[in-house]
Amino acid sequence: MSTAFKVSTMAEMMANGESPDILFWVGCSGSFDDRAKKITKAVAKILHHCNVKFAVLGVEESCTGDPAKRAGNEFTFQMQAMMNIQVLDAYEVKKIVTACPHCFNTLKNEYPELGGNYEVIHHTQLIQDLINQGKLRLEGSQTYKGKKITFHDPCYLGRANDVYEAPRTLIEKLDAELIEMKRCKTTGLCCGAGGAQMFKEAEKGNKEINVERTEDALETNASIIATGCPFCNTMMTDGVKNFNKEQDIQVLDVAELIANAADL
Amino acid sequence: MSIIIFSILFCIGFYLFSKNILQVRANILLGKDINRTNKTSERWKTMVLVALGQKKMFTRPIPALLHLCLYAAFVITQIELIEIFTDGFTNSHRFFHSFLGGFYTFIISFIEILSILALVGTVAFLSRRNLLKLPRLNMKELAGWPKKDANIILIMEIFLVTFIFTMNGADEAIMSAKGESYHFIISSLIAPIFEGMDIHTLHIFEQIGWWGHLVMVFTFLNYLPYSKHFHIVLAFPNTYYSNLEKKGKFTNLSSVTEEVKKLMDPTIDPFAATGNDGDVPSRFGAKDVTDLTWKNLLDAYTCTECGRCTSSCPANQTGKLLSPRKIMMDTRDRLVELGEGIRKNGKDYTDGKSLLRDYITEEEIWACTSCNACVQECPVNIDPLSIIVDLRRYLVMEESKIPTELTGMLTNIENNGAPWQFSPADRGNWINE
């Protein structure tokens, strides 16, 4: 299933003498992980549907350096950051949207001190804007009407950057029933992947963090666990599998919910 | 005579307190500098809301209310302390009574009500720790001294309140023997306990209350700097100097930035000797407390070991060794140890020990998901995460000690620009898949 429309790279746009309104920063998960690629496509479809002039970096994109920085390797982080800033500045990028809260946090908060100043938003914020501007309409959509959906706050979106409302507003637009977990927003429990944990086994303990978090989600009796982070998505999906509930409960990104509801 | 005894007590009390404070200050200043003086109005606002207004306590309403009783009583009782000091220096009795009249009765009655509430709070806190055995107040890092410290403070509070009521109650009894009354709301009810005693005995009780309270105040004051209870003072500067940036933003290591810029600048000869001769390159990250910032060290002294951080930590909840509270306690213990050595042996003193390994293990710091739950929860804006990150930085950049899987992740980022082993050429494949 390829996208039915053309996704331009910055290089292609520049060759045509054009410049996009916004750069879609796909991130490593969104580029390489098969599950996360679906989220990437959902975001691209929404942007295309709303006639947002966007581009991706394609092969010129590289890891933001987030996991290196969280793991304590400031050298690797800064090398990545400086290289990315050179590329972004060469294309005179002003505004960036990303579907990964880790990329979002790093680009938004940690690049400025290294000379990279951009307006960075999370995809849920952009989609909310598009709906507010009337460019995306979900009225009358039956896809998720009355469905019980719970939202898992990604740490790097919520606590790290105080974005709690944008994803929730979107879920409410679906005419679905948003059920909060007992730990949510500022008290939300981590999925277990942050701080470079995604790339290593957990230390010795008596439970996996994603299992603990999935229990919170199961308690809500929601049929969909929504999130806004590809790492959280992986962790929650594994958590649901751990309870053999993958037939009953879907783990979806908010962008996928919106794209499905808008029949894109 | 009593003026002399009082003055001596007063001077010793405050001399010791200022000495303790200066030692703590010297210890905190062993940390590296960090700029926390910008945005003055936002800082004052944070301090008023978080320290004075206890905004973050109220996410857990029961302890917040109990704590509020003690806090309000503590703050308001200082008014009575002013009178006690004035009486002590002038050898007078209830100095303000004749000036203030009915308003005096109101103030003292108000203090008495708060003191009763404080007593209720104290008893509740003691039972939460010792009878109900709340998990977060009975974790293994609290075994021994920290648990004792918490109980000592609570028992001291009971003594403080008991002495106040002994003083006021006996005083009311003296008045009622004369057919009069101060009309203090609680102690006029306590007075009948002293019924049948002669005036002389009542005066002795009143004096026991007065001197007892005074001695407890000075004891408390000088116990504070050695106790977790120091937060009643340090909560204010600590919230003032809060990190006002987004929690997700980790500090930038500017020493690394210099290196990276050189590496990326094609005009610089990589083999040329670099300038800045004589500059001792500072350590990357933190191995010991002196590598941390003064704010990290102020955090450590401010921590009252309530454990909200640890009870919200995903790693701790799933049985890992990491406890953010322990990180703060270890930092303080190590700082006290090193500070003591430096005071005795001069600033170049080393004891061969360090915060990392002698106090905090590698296993603890690698269990962190950097989720900021501990930072979010702390009622006085302590940041355990920044210490954890600095310890990681030291391990990775100075000792190249890192979990094996993370070595792979870092190699992948360096070689192919992604934490996994995918070819950078395939980055755009999703478009056509």
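These figures come from a predicted structure and were not determined experimentally. (Residues numbered from 1 in each chain as written. Chains lettered and ligands numbered in written order. Predicted model: local features only at pLDDT ≥ 70, side-chain atom pairs only at ≥ 80, totals over all residues.)

Engineer: Give me the overall build of chain B: which residues, what numbers.
Structural biologist: Helices and strands together make up the secondary structure of chain B, namely 19 helices and zero strands. The C-alpha atoms of chain B give 28 Å as radius of gyration, which overshoots the globular expectation for 433 residues (22 Å, by more than 25%). Considered along the principal axes of its C-alpha atoms, chain B spans approximately 95 × 55 × 40 Å. (Helix = DSSP H or I, 4+ residues; strand = E, 2+ residues; numbered from the N terminus. Rg over C-alpha atoms; globule rule 2.2 N^0.38 Å.)

Engineer: An account of unusual backbone geometry is requested, with residue identities and associated values reported.
Structural biologist: Even without being glycine, E92 of chain A reaches a positive phi, approximately 50°. Along the chain, E92 of chain A falls in the loop between helix 5 (74-90) and strand 3 (95-98). The exposed category is assigned to E92 of chain A, around which 9 C-beta atoms lie within 10 Å. Its identity is not glycine, yet K39 of chain B carries a phi of approximately 45°, on the positive side. (Buried ≥ 20, exposed ≤ 12 C-beta atoms within 10 Å, placed from the backbone.)

Engineer: Which residues make up the packing of helix 2 (residues 40-52) of chain B against helix 9 (residues 231-240) of chain B, and what values do they have?
Structural biologist: All names here are of chain B. At a closest axis distance of 8 Å, the pairing of helix 2 and helix 9 adopts a crossing angle of 140°. By the angle class used here, helix 2 and helix 9 are oblique. Crossing hand, helix 2 versus helix 9: right-handed. On the side of helix 2, the interface is formed by R43, T46, M47, V50 and A51, while helix 9 contributes A235, F236, T239 and Y240. (Axes fitted to C-alpha atoms, helices over the stretch in contact; angles between N-to-C directions. Parallel < 35°, antiparallel > 145°, perpendicular 65-115°, else oblique. Left-handed = near helix turned anticlockwise from the far one by under 90°. Contact = placed C-beta atoms within 7 Å.)

Engineer: Quick one: what's the story with the sheet that holds strand 5 (residues 148-151) of chain A, residue by residue and with numbers?
Structural biologist: Residues and elements named next belong to chain A. Pairing in this open sheet of four strands is parallel, and the strands run 6-5-7-8 from one edge to the other. Of all strands in the sheet, those with a lone pairing partner are strand 6 (177-178) and strand 8 (250-253), marking the two edges. Running at roughly 175° to strand 8, helix 10 (residues 230-242) makes contact with strand 7 (224-227) and strand 8 of the sheet. (Pairing = 2+ DSSP bridges.)

Engineer: Can you lay out the domain arrangement of chain A for me, pointing to particular residues and giving the numbers?
Structural biologist: Residue and element names in this part refer to chain A. Along its sequence, chain A is organised into domain 1 (10-129) and domain 2 (138-261). Inter-centroid distance (C-alpha atoms) of domain 1 to domain 2 is 23 Å. At the junction of the two partners, domain 1 supplies 26 residues and domain 2 supplies 25 residues. Those elements that place two or more of their residues in the side of domain 1 that touches domain 2 are helix 2 (27-32), helix 3 (34-49), helix 4 (66-70), helix 6 (101-110) and helix 7 (123-132). At eight residues, helix 3 tops the list of elements feeding residues into the side of domain 1 that touches domain 2. The class makeup of the residues in the side of domain 1 that touches domain 2 is twelve nonpolar, nine polar and five charged. (Domains from an automatic or database assignment. Nonpolar A, V, L, I, M, F, W, Y, C, P; charged D, E, K, R; others polar.)

Engineer: Before we move on, could you go through the interface of chain A and chain B and cite the residues and values that matter?
Structural biologist: The interface is formed by 60 residues belonging to chain A together with 57 residues belonging to chain B. Listing elements by their share of the side of chain A that touches chain B, those giving two or more residues are helix 2, helix 3, helix 4, helix 5, helix 6 and helix 9 (209-219) of chain A. At seven residues, helix 5 of chain A tops the list of elements feeding residues into the side of chain A that touches chain B. Residue classes in the side of chain A that touches chain B are distributed as 21 nonpolar, 23 polar and 16 charged.

Engineer: Describe the sheet that holds strand 2 (residues 54-55) of chain A, listing the residues and the values that go with them.
Structural biologist: Residue and element names in this part refer to chain A. Taken in spatial order, the four strands make up an open sheet running 2-1-3-4, and their pairing is parallel. The outermost strands of the open sheet, each flanked by one partner alone, are strand 2 and strand 4 (119-122). For strand 3 and strand 4, the ladder comprises four bridges, and the chain directions are parallel. Residue pairing in the sheet places I96 in a bridge with V120 of strand 4.

Engineer: Before we move on, can you summarise the pairing of strand 7 of chain A with the specific residues and values?
Structural biologist: All names here are of chain A. Burial of the side chains of strand 7 extends over both faces: I224 and A226 are buried on one face and I225 and T227 on the other. Of the strand pairs in this sheet, strand 5 and strand 7 are connected by three bridges, and their pairing is parallel. When the bridges of strand 7 are listed, I149 appears paired with I224. In terms of strand pairing, strand 7 meets strand 8 through four bridges, oriented parallel. Paired with A226 across the two strands is L252, which belongs to strand 8. With helix 10 bridging strand 7 and its parallel neighbour strand 8, the resulting β-α-β unit is right-handed. (Right-handed = clockwise from strand over helix to strand, strands pointing away.)

Engineer: Explain the packing of helix 6 (residues 145-177) of chain B against helix 8 (residues 199-223) of chain B to me, using residue names and the numbers behind them.
Structural biologist: All names here are of chain B. For the pair helix 6 and helix 8, the least separation of the axes is 8 Å and the interaxial angle reads 155°. On the basis of the axis angle, helix 6 is roughly antiparallel to helix 8. Crossing angle aside, the handedness with which helix 6 passes helix 8 is left-handed. Residue-level inspection shows M156, F159, L160, F163, I164, T166, M167, A170, D171, A173, I174 and A177 of helix 6 in contact with helix 8, the latter providing I199, L202, H203, F205, E206, I208, G209, W210, G212, H213, M216 and F220. Among the residues forming the contact of helix 6 with helix 8, the class breakdown is 17 nonpolar, five polar and two charged.

Engineer: Run through the confidence of the model for chain B, naming residues and quoting values.
Structural biologist: Taken as a whole, chain B shows an average pLDDT of 93; of its residues, 97% reach a score of 70 or greater. For this predicted complex, the interface confidence comes out at an ipTM of 0.95, alongside a pTM of 0.94. (pLDDT = per-residue confidence, 0-100.)

Engineer: Explain the nonpolar core to me, and be specific about the residues and the numbers.
Structural biologist: The biggest cluster of nonpolar side chains holds 147 residues, and the ones touching the most others in it are F24, I46, A255 and I258 of chain A. Looking at which element gives the most residues to this core, the answer is helix 18 (residues 384-398) of chain B, with nine residues. Core analysis: the second largest hydrophobic core is formed by 25 residues, I108, L160, F184 and F194 of chain B among them. (Core = buried A, V, L, I, M, F, W, Y, C linked by C-beta atoms within 7 Å.)

Engineer: Quick one: what's the story with the domain arrangement of chain B, residue by residue and with numbers?
Structural biologist: Accessible area lost upon the coming together of the parts serves often as the stated size of an interface. Residues and elements named next belong to chain B. Splitting chain B by domain gives domain 1 (2-240) and domain 2 (254-267 + 281-402). Computed from C-alpha atoms alone, the centre-to-centre distance between domain 1 and domain 2 is 33 Å. Contacts between the two partners involve 31 residues from domain 1 and, on the opposite side, 29 residues from domain 2. Ranked by the residues each element gives to the side of domain 1 that touches domain 2, the list is headed by helix 9, at six residues. Grouping the constituent residues of the side of domain 1 that touches domain 2 by class yields 17 nonpolar, seven polar and seven charged.

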